[in-house]
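Here are the chains, one letter per residue:
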Amino acid sequence: MADGGAKAISIIGFIGTVFSPWYAWSGRGDPEDHCCINVVTSGPGARFAMTDRGRGALRRSRDCLTIGPSSMRWDGARLIIDLNEISGLPRVARLRGRVTVTPSALTSVELPLTADGAHVWRPFAPICRIDVDLDAPERAWSGHGYFDANFGTRPLERDFRFWTWGRFPARDGALCVYDAHLRGGASAERAFHFNPNGSAEETAAPPRTRFGHSGWRLPLEMRADAGHAPRIVTSMLDAPFYARSVVETRLGGETVTGMHEALDLDRYASALIKPMLAMRVPRRKRWRFG
């Protein structure tokens with residue numbers, strides 16, 4: 001996010017494009033044949049790019065992930081992301097440029113989200129600086145960023161019903177909160193405070209607070225001090241089963257602005273959703289590197 005929250009960008013590299021209808025229809029047996037770099041921007045001229053690509057578009061090494069025309073590269077101190085994608089409706093256009101993510105430190109936190117470790121969250125660097133240099137209309141801006149990874153061996157909807165997640169930079173570091181509702185009625189509620197040196201402590205988060213619905217009537221809730229109501233600063237992505245927003249809340253007496261997501265896996269599991277997604281997520285099976 002830009003300092004102040006006026007602009008934001010989300011970039012996700014997928015091997016096994018979790019929310020691709022093409023991957024779901026394939027039976028999810030070959031994740032390398034369904035890879036993607038997903039980009040969402042906010043602000044004037046906001047754009048969304050998510051192209052499900054075949055295995056011919058995938059190249060990876062210890063320090064680099066390349067998917068078609070875009071790549072992510074770790075140079076030992078920074079994550080350098082070179083983008084060259086086509087955004088979809090309502091603004092079909094080239095989305096090209098570079099994003100550099102510079103962590104203050106790397107963490108050692110790895111959190112299983114299920115008891116058997118089938119789903120793992122790995123927050124590599126919850127405190128970063130980000131420099132964005134994209135073609136118009138975003139142009140160049142700087143702010144604070146976040147770098148994590150998720151790993152899974154089963155479809156999300158098999159183990160989860162619903163979750164919310166948030167990452168909020170604060171004066172003394174950053175707070176990340178996971179609230180997951182699992183199949184069978186169990187829940188996983190975890191909050192971590194991260195320090196600029198990479199150390200982390202699990203902490204008690206304030207109560208969950210409902211603050212309305214997304215445009216698709218997805219219930220939105222976030223942690224907040226008693227008596228305070230979170231509010232959406234910018235809506236980045238509003239889908240039938242997923243909402244990503246820049247949200248302001250109050251935690252530990254400090255008003256903070258950060259990234260928030262809500263994911264309804266019951267909705268995602270519906271067969272009606274997949275054709276809708278196919279309109280937004282094109283499949284490009286063939287790719288040839290020059």
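Computed from a prediction, not measured in an experiment: that's the story for all the values here.

Basis of the calculations
In every chain, residue numbers begin from 1 and rise along the written sequence. pLDDT decides what is reported in this predicted model: residues at 70 or higher carry local features, side-chain atom pairs at 80 or more are listed and counted, and totals for whole chains, interfaces and linings draw on all residues regardless. Think of the side-chain values as coming from all heavy atoms in the structure, minus any hydrogens and water. Helix numbers and strand numbers start at the N terminus; a helix is a DSSP run of H or I with at least 4 residues, a strand a run of E with at least 2. Only protein chains enter the accessibility calculation, which uses a 1.4 Å probe; a residue is then buried when its area is under 20% of its type maximum, exposed when over 50%, and partly exposed in between. Here a polar contact is recorded for every N or O atom pair within 3.5 Å, except that within protein the pair must consist of a potential hydrogen donor and a potential acceptor, and residues adjacent in sequence are included only if both atoms are side-chain atoms. Pairing of aromatic side chains here covers Phe, Tyr and the six-membered ring of Trp, requires ring centres within 6.5 Å, and sorts the geometry by plane angle: under 30 degrees stacked, over 60 edge-to-face, intermediate tilted. In our convention, an over-ring charge means Lys NZ or Arg CZ found within 6 Å of a ring centre and within 35 degrees of that ring's normal. In what follows, a disulfide is any cysteine sulfur pair within 2.5 Å. Side-chain atoms within 4.5 Å are what join buried Ala, Val, Leu, Ile, Met, Phe, Trp, Tyr and Cys residues into a set we call a nonpolar core. Here, two residues are considered to be in contact whenever any of their heavy atoms come within 4.5 Å of each other. Strand pairing follows a simple DSSP-based rule, namely that at least 2 bridges must link the two strands. For salt bridges, the criterion is a side-chain nitrogen of Lys or Arg within 4 Å of an Asp or Glu carboxyl oxygen.

Draft legend 1. Local environment of the side chain of Asn38. Looking at the element boundaries, Asn38 is found in strand 2 (residues 35-41). On the accessibility criterion, Asn38 (6% relative accessible area) is buried. At 2.9 Å, the side chain of Asn38 forms a polar contact with the backbone oxygen of Ala49.

Draft legend 2. A look at the packing of aromatic side chains. Across all of its chains, the model carries 14 aromatic pairs by this definition. Note on Phe19 and Tyr268: the rings are 5.5 Å apart at their centroids and 85 degrees apart in plane angle, and the pair reads as edge-to-face. With Phe19 in the loop between strand 1 (9-15) and helix 1 (21-25) and Tyr268 in helix 3 (residues 265-269), this residue pair connects regions lying 249 residues apart in the sequence. An identical accessibility class is assigned to Phe19 and Tyr268; each is buried. Within the aromatic cluster, the residues linked to one another by ring pairs are Trp121, Phe160, Trp163, Tyr178, Phe192 and Phe194. Across the ring face of Tyr268, the terminal group of Lys274 is positioned such that the distance to the ring centre comes to 4.3 Å. We note Arg280 situated over the ring of Phe48; from NZ or CZ to the ring centre the distance is 4.4 Å.

Draft legend 3. Focus on the state of the cysteines. Evaluated as defined, the whole model comprises 0 disulfides. Summary of cysteine pairing: Cys35 is not part of a disulfide, and the nearest cysteine sulfur, belonging to Cys36, is at 7.9 Å. Using a relative accessible area of 0% as the deciding quantity, one classes Cys35 as buried. Left unpaired, Cys176 is separated from the closest cysteine sulfur, that of Cys128, by 10 Å.

Draft legend 4. Quick look at the nonpolar core. Ranked by internal contacts, the top residues of the largest apolar core, which has 38 residues, are Trp121, Phe160, Phe241 and Leu263. Counting residues per element, this core draws most heavily on strand 14 (residues 173-182), at 5 residues. Beyond its immediate sequence surroundings of up to four residues, Phe160 is in contact with Leu113, Thr114, His119, Ala180, His181, Leu182, Arg183 and Leu265. Residues Met72, Leu79, Ile81 and Ala125 belong to the second largest nonpolar core, which totals 23 residues.

Draft legend 5. Here's a closer look at the pairing of strand 19 (residues 231-238). Pairing of strand 19 with strand 20 (residues 242-251), which is carried by 6 bridges, proceeds in the antiparallel orientation. Note on strand 20: the bridge partner recorded for Arg231 is Glu248. Between strand 19 and strand 20, which pair antiparallel in sequence order, lie 3 residues.

Draft legend 6. Focus on the pattern of salt bridges. Tallied over the entire structure, the rule returns 27 salt bridges. Close ionic contact of Asp30 with Arg55 constitutes a salt bridge, the shortest N to O distance being 2.6 Å. Here the residue Asp30 occupies a position in the loop between helix 1 and strand 2, and Arg55 occupies one in the loop between strand 4 (52-53) and strand 5 (58-60), the gap between them amounting to 25 residues. Of the charged contacts in the structure, one is a salt bridge between Asp179 and Arg208, with a shortest N-O distance of 3.9 Å. Taken together, the residues span a long stretch of sequence, with Asp179 in strand 14 and Arg208 in strand 17 (residues 208-213) at a distance of 29 residues. Owing to a relative accessible area of 33%, Arg208 belongs among the partly exposed residues under this scheme. Through salt bridges with shared partners, a single ionic network connects Asp179, Glu189, Arg208, Arg210, Glu221 and Arg223.

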